[in-house]
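Listed here are the chains, written in short residue letters.
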Amino acid sequence: MKLRELTDGALQELIGPLDSGLAELEISGLTADSRKVQPGMMFVALSGVKADGAQFITDAVARGAAVVVASSSVETEVPVLVTDQPRRALALAAARFYGAQPQTMVAVTGTAGKTSVASFVRQIWAYAGLDSAQIGTTGIISSKRNDYGSLTTPDPVELHRMLAELAGEGVTHAAMEASSHGLDQSRLDGVVLKAAAFTNLGRDHMDYHPTIEHYMAAKMRLFQVLLPKGAPAVIFADDEWSAEAVRVATEAGHDVRTVGRAGNFLTLKRVEHFRHKQTAEIHHNGAIYEVDLPLAGDFQIANALVAAGLAISTGVSVETTMKALEKLQGAAGRLELVAQAKGGALAYVDYAHKPDALENVLKSVRPFTSGRIIAVFGCGGDRDKGKRPIMGEIANRLADIVIVTDDNPRSEVAATIRSEVMAATPRGIEIADRKQAIRAAVAMLATGDTLIVAGKGHEQGQIVGSVTLPFSDHAEILNAMEEFHP
């Protein structure tokens, strides 16, 4: 692709005009990692937390970069395009380079629920006969693939490469998660959205965002910058940050559609909780729908309503959407029932690794738990330390038995992390080894009990130092069940 073709449109505004000779330069690819540069590529120098990409321009040029994009002019033997927004430039260039993407794209942001909403939207579209996909924390899932991933929002080059692949495979509808990091770092720029959604806001990523207001502002970039004016903005109405999301989306000129008990688009009027499902009465445009949602927990109703709002906003009929809600399967690792003991005790895994999510999942299982709630969880290393005692207090308050264990300690001393959680968990039992912690919890299970193993969800590894060791909460629960409840 010639440089003039690559920079046509919004990117041209960032880098300014090209001289005629430079415009005809052939570009073979693009990257922000100098180690991945191949001859003819565009290298974009990004400033990161640990290093400034400008330090790697020499290496990129030596590997054959044909042109460099940077935040300031540098002396090198290839042309340098200067912009004050190199991250956005990379994303827009990636969108232009790979070209195709599913024609109906939606994105969802919020602290909790993104994965479930993206999964539910994909399932509703599929029920309606549309070739659909989801992109996010659990990877890429479509009718043709199930590729595990590790980032909620992939880097823009990888993202647009994947979107082009999905479009080439016939996917017409795709739902993606929009993390605060991804939004703040312009990773979603260049994605053409038909609708967007907000779920909620709670404490998370305070190791990256200086304040909760900064965290919210990063998420609101979805409505302020990325969603085209006039497009539907689906907002969960019952969160303490909902009003702010509505304000931002309204000021941005969007068609704001709220869902929830206070929603004006989909209004939740009544809920009956059962052990494996809940019955919800949902009102829309004067009509009343009674839906048997095959998932437990108030938070899953919230996620289902947001997903329904996105599906309806992208052309699925209300009637079809409501029928699809009764067929939903939970996203991997989101209050996922793994095993049931012969005495009836239930064992779940959940991805909850932040305060609000842990509180939601523990509250959600209380209505159908006649015995005790047993919680096994830990906190990750090299992440927001402030949430550790908060999560400890939540578990101490809402669970009957609390076991504090390790959860991706990374470079920190695992015992220190556990001690910071235990300080707020007077009744807590400390078992460092996660396998043994799960084994101990399963051994305790009696009739009517519910076990929640929280923090890792769908993950298949435990990060210790810089090494990811194979580990599955699912597998350890099943092994322990076989041992103690054969």
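Everything quoted here is computed from the prediction, not taken from an experiment. (Residues numbered from 1 in each chain as written. Predicted model: local features only at pLDDT ≥ 70, side-chain atom pairs only at ≥ 80, totals over all residues. Heavy atoms only, no water.)

Caption draft 1: Summary view of the sheet that holds strand 14 (residues 278-284). Strand order across the open sheet formed by 11 strands is 8-7-6-9-5-10-11-12-13-14-15, with mixed pairing between neighbours. Sheet topology places strand 8 (146-147) and strand 15 (287-293) at the edges, where each strand pairs with a single neighbour. Relative to strand 8, strand 7 (residues 139-142) runs antiparallel, the two sharing two bridges. Bridging from a neighbouring strand, Ile141 pairs with Asn146 of strand 8. Lying over the sheet, helix 9 (residues 212-226) contacts strand 5 (104-109), strand 10 (193-198) and strand 11 (232-236), oriented at roughly 155° with respect to strand 10. (Pairing = 2+ DSSP bridges. Helix = DSSP H or I, 4+ residues; strand = E, 2+ residues; numbered from the N terminus. Contact = heavy atoms within 4.5 Å. Axes fitted to C-alpha atoms, helices over the stretch in contact; angles between N-to-C directions.)

Caption draft 2: Expanded view of the domain arrangement of the protein chain. Its domain assignment divides the protein chain into domain 1 (3-85), domain 2 (99-326) and domain 3 (336-485). Computed from C-alpha coordinates alone, the two centres of domain 1 and domain 3 are separated by 46 Å. (Domains from an automatic or database assignment.)

Caption draft 3: Region of the structure containing the UniProt feature "binding site: meso-2,6-diaminopimelate" (unreviewed entry) in the protein chain. Here, UniProt's "binding site: meso-2,6-diaminopimelate" (unreviewed entry) annotation points to Arg383, Asp407, Asn408, Pro409, Arg410, Gly455 and Glu459. In this fold, Asp407 is placed in the loop between strand 19 (401-404) and helix 15 (414-422). Asp407 has contacts with Gly378, Cys379, Gly380, Gly381, Arg434, Ala454, Gly455, Lys456 and Gln462, leaving out every residue within four places of it along the chain. (UniProt positions renumbered as here; feature names shortened; annotations may be inferred.)

Caption draft 4: Helix 16 (residues 434-444), seen in detail. Turning to helix 16, its buried residues are Arg434, Ala437, Ile438, Ala441 and Val442. All buried residues of helix 16 fall inside an arc of 130° around its axis, so they share one side. Where helix 16 starts, the residue carrying a side-chain oxygen 2.9 Å from the main-chain nitrogen of Lys435 turns out to be Asp433. (Buried < 20%, exposed > 50% of the residue type's maximum accessible area, 1.4 Å probe, protein only. Arc of directions from axis to C-beta. Polar contact = N/O pair within 3.5 Å; in protein donor to acceptor, adjacent residues only side chain to side chain.)

Caption draft 5: A look at the sheet that holds strand 20 (residues 429-430). Spatially, 16-17-21-18-19-20 is the arrangement adopted by the six strands of the open sheet, whose pairing is mixed. Edge positions in the sheet fall to strand 16 (336-340) and strand 20, since each of these pairs with one other strand and no more. Note: strand 19 against strand 20, two bridges, orientation parallel. Looking across to strand 20, one finds that Val404 is bridged to Glu430. Across the sheet, helix 14 (residues 387-398) is in contact with strand 18 (373-377) and strand 19; its angle to strand 18 comes to roughly 165°. Across the sheet, helix 17 (residues 473-484) lies against strand 16, strand 17 (346-350) and strand 21 (450-454), angled at about 15° from strand 16, the strand it touches most.

Caption draft 6: A look at the nonpolar core. Ranked by internal contacts, the top residues of the largest apolar core, which has 40 residues, are Leu266, Ile282 and Leu325. In terms of residue count, the dominant contributor to this core is helix 11 (residues 298-313) (10 residues). Each residue touching Ile282, except ones within four places of it in the same chain, is listed here: Leu266, Thr267, Leu268, Ala287, Ile288, Tyr289, Val291, Leu305, Met322 and Leu325. One finds Ala133, Leu166, Val171 and Met220 within the second-largest nonpolar core, a separate group that totals 34 residues. (Core = buried A, V, L, I, M, F, W, Y, C linked by side-chain atoms within 4.5 Å.)

Caption draft 7: Highlighting the pairing of strand 19. Residue alternation in strand 19 divides its side chains into two sets, Ile401 and Ile403 and Val402 and Val404, and both sets are buried. Pairing geometry for strand 18 and strand 19, over four bridges, is parallel. Considered in strand 19, the bridge of Ile374 is made with Ile401. Following the backbone out of strand 18, through helix 14 and into the adjacent parallel strand 19, one traces a crossover that is right-handed. (Right-handed = clockwise from strand over helix to strand, strands pointing away.)

Caption draft 8: Structural detail: the layout of surface pockets. One number sums up the size of the second largest pocket: a volume of about 200 Å³. In terms of lining, the second largest pocket is formed by 14 residues, of which the most central are Leu295, Leu335, Glu336, Leu337 and Tyr348. Split by residue class, the lining of the second largest pocket holds eight nonpolar, three polar and three charged. Here the lining of the second largest pocket spans two domains, since at least three of its residues come from each of domain 2 (99-326) and domain 3 (336-485). (1 Å grid on protein atoms, 1.4 Å probe; cavity = no way out; pocket = protein on both sides within 12 Å on 5 of 7 lines; lining within 4 Å. Points joined across faces, edges and corners; volume = space filled by probe spheres on them. Nonpolar A, V, L, I, M, F, W, Y, C, P; charged D, E, K, R; others polar.)

Caption draft 9: Geometry of the packing of helix 13 (residues 355-365) against helix 14. Across the interface, helix 13 lies against helix 14 with an axial gap of 9 Å and an inter-helix angle of 10°. Judged by the angle between their axes, helix 13 and helix 14 are roughly parallel. Within the contact between the two elements, helix 13 uses Pro355, Leu358, Glu359, Leu362 and Lys363 and helix 14 uses Lys387, Ile390, Met391, Ile394, Ala395, Arg397 and Leu398. A breakdown of the residues in the contact of helix 13 with helix 14 according to their chemical character gives eight nonpolar, no polar and four charged. (Parallel < 35°, antiparallel > 145°, perpendicular 65-115°, else oblique.)

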